[in-house]
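An overview of the molecular structure
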Amino acid sequence: MLVAGNWKMFKGPSAASTFCTSLGSAVDGIAGVDVVVCAPDVSLPAALAALDGSGIAVYAQNAHWLENGPFTGEVAPEMLAEVGVAGTIVGHSERRQYFGETDETAARRASHALDAGLAVIACVGERADERDDGRMDEVLHRQVGAIAEIAGPHSRLTIAYEPIWAIGTGRTASPDQAQEAHALIRSLLDVPVVYGGSVKPENAASLLGQPDVGGALVGGASLDVDSFAAICLSASSSRS
Ligand code: PEP
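Per-chain numbering applies: the sequence of each chain, read as written, is numbered from 1 onward. With the structure being a predicted model, the display of local features is reserved for residues of pLDDT at least 70 and the display and counting of side-chain atom pairs for 80 or more, all residues being used for whole-chain, interface and lining totals. To obtain the side-chain values, all non-hydrogen atoms of the structure were used and water was disregarded.

**Some words on the packing of aromatic side chains**
Only Phe, Tyr and Trp rings take part, Trp by its six-membered ring, and two of them pair if their centres are within 6.5 Å. Stacked means planes under 30 degrees apart, edge-to-face means over 60, and tilted covers everything else. Using the criterion set out here, one finds three aromatic pairs in the structure. Seen in terms of ring centroids, Trp7 and Phe19 are 5.1 Å apart; in terms of plane orientation they differ by 75°. Their pairing is edge-to-face. With a gap of twelve residues between them, Trp7 in the loop between strand E1 (2-6) and helix H1 (13-26) and Phe19 in helix H1 connect regions that are remote in the sequence. Across the pair, exposure class does not vary: Trp7 and Phe19 are buried alike. Criterion for a charge above a ring: Lys NZ or Arg CZ within 6 Å of the ring centre, and within 35 degrees of the ring normal. Lys11 extends its terminal NZ or CZ atom over the ring of Trp7, reaching a point 5.8 Å from the ring centre. Between the NZ or CZ atom of Arg95 and the centre of the ring of Phe99, over which it lies, the distance is 4.2 Å. What counts as a helix is a DSSP run of H or I of at least four residues, what counts as a strand is a run of E of at least two, and both are numbered from the N terminus. Only protein chains enter the accessibility calculation, which uses a 1.4 Å probe; a residue is then buried when its area is under 20% of its type maximum, exposed when over 50%, and partly exposed in between.

**A short note on the layout of surface pockets**
Here the largest pocket is characterised by a volume of approximately 520 Å³. Along the walls of the largest pocket sit 17 residues, with Lys8, Gln61, Asn62, Arg95 and Phe99 positioned nearest its centre. When residues are grouped by polarity, Ala, Val, Leu, Ile, Met, Phe, Trp, Tyr, Cys and Pro land in nonpolar, Asp, Glu, Lys and Arg in charged, and all others, Gly among them, in polar. A class-by-class count of the residues in the lining of the largest pocket yields seven nonpolar, five polar and five charged. Cavities and pockets were defined on a 1 Å grid built from protein atoms only: a cavity is a group of points that admits a 1.4 Å probe but offers it no way out, a pocket is an open group of points flanked by protein on both sides within 12 Å along at least five of seven lines, and a lining residue is one with an atom within 4 Å of any such point. Grid points are joined across faces, edges and corners, and a volume is the space filled by probe spheres set on the points. In this model, the second largest pocket occupies a volume close to 240 Å³. Lining the second largest pocket we find 17 residues, and of these Leu2, Asp34, Thr158, Pro192 and Gly214 sit closest to its centre. Elements represented by at least two residues in the lining of the second largest pocket include exactly strand E5 (119-124), strand E6 (157-161) and strand E7 (193-196). Partitioned by chemical class, the residues of the lining of the second largest pocket number ten nonpolar, three polar and four charged.

**Side note on the environment of Gly53**
With respect to the helices and strands, the residue Gly53 is situated in the loop between helix H2 (44-51) and strand E3 (57-60). The sequence separation of Gly53 and Val218 amounts to 165 residues, and the corresponding C-alpha distance is 23 Å.

**Describing H1**
Taking 1.5 Å as the rise per residue, H1 with 14 residues should run 20 Å; its terminal C-alpha atoms sit 20 Å apart, in good agreement. Buried residues of H1: Ala16, Phe19, Cys20, Leu23 and Gly24, and no others. Projected down its long axis, H1 shows its buried positions confined to an angular sector of 135°, all on one face. Seen from the buried face of H1, the exposed residues on the opposite side, beyond 90 degrees, are Ser14, Thr18 and Ser25. Working rule for helices: expected span equals 1.5 Å times residues minus one. In this description, the arc belongs to the directions extending from the helix axis to the C-beta atoms.

**Quick notes on the site of the ligand**
Surveying the vicinity of the ligand reveals 14 residues, the closest of which are Lys8, Glu162, Gly168, Ser198 and Gly220. Under the rule applied, a polar contact is a pair of N or O atoms within 3.5 Å (in protein, one hydrogen donor and one hydrogen acceptor; residues adjacent in sequence only if both atoms are side-chain atoms). The side chain of Lys8 places a nitrogen or oxygen atom 2.6 Å from an oxygen atom of the ligand. Per-residue and other accessible areas follow the Shrake-Rupley method at a 1.4 Å probe size, with only the shown protein chains counted as cover for residues. In isolation the ligand has 290 Å² of accessible area, and contact with the protein removes 96% of it. A per-class count over the shell around the ligand returns four nonpolar, eight polar and two charged. Any residue with at least one heavy atom within 4 Å of a molecule or strand is counted as near it.

Following this line, the structure appears as C-alpha cells:
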C-alpha cells in the first residue's frame, strides 16, 4: 500500500525539514505501507536530508518528458534522480486545469520518468459535470488509455484516481464510488491504483479497505504531520 502526501505549493526548505523530521518519528517502524512525500522542487534536498535512512521516499510533483532542452521552468527526471528523488507525480488535475497539461503530455511525462528510473504516480479523474453526465467511464478510458498506450504497465507506475470534484473540496468519493472507478482503471491498466480527493484520518479506513484501493494520494491533510501520520497508520492497519 502506498500513501503519498502532495504538498502542492506549500512548505519551503525550512518547513519541509521540520515536517520530515517529525514524520520520520511518527511513522517509524510502520508495516505494509510505502510512505512518500511529494515536495516542491526547491524543498526536495531538505526533505531528502531529513528523511535519510527513514525509509520514507521523496517525490517531485512534476517532471518533463525530455532529458534537457529550452523549457524554462521545467525539470527533467534525470535531474531529480541525480539529487536522490525516487519518483514524481504527473498529470495532476491542477496541472491539467491551470497549466495546459493534456492526456498526451501527462503520458509522455510518465513514460520518460519511468525510463529515467523514477517511480511515477499518474493522476486521472473526472470533473463533476462529466460524472453528472454519466461520462466517468469515457473520461477514465481516455485518460488511462493515453498512459497505457505511451507508458504501458510498469512495476514503478501507480495510477491515482482523483475525481476533480473531490480535490480540496471536502467532498470525498464514497468507498463504493472509489471501488467502482478503481476496478475500471485496473481493468484498463494492470497497476496499483491509489485514491485521492479529501482523504482525511476520519475517512481513510473506509476508503483504504476497498479491495482495489491500493493507497492514497493526500493533499490538504498531508500538510499536518499528525493527520498525515494517522492516514499512514490507517493504511497499515487496513491490510493487516
Ligand atoms: C491532491 O491534490 O492530490 C489531493 C488529493 O488533494 P486533497 O487531499 O486536498 O483533496
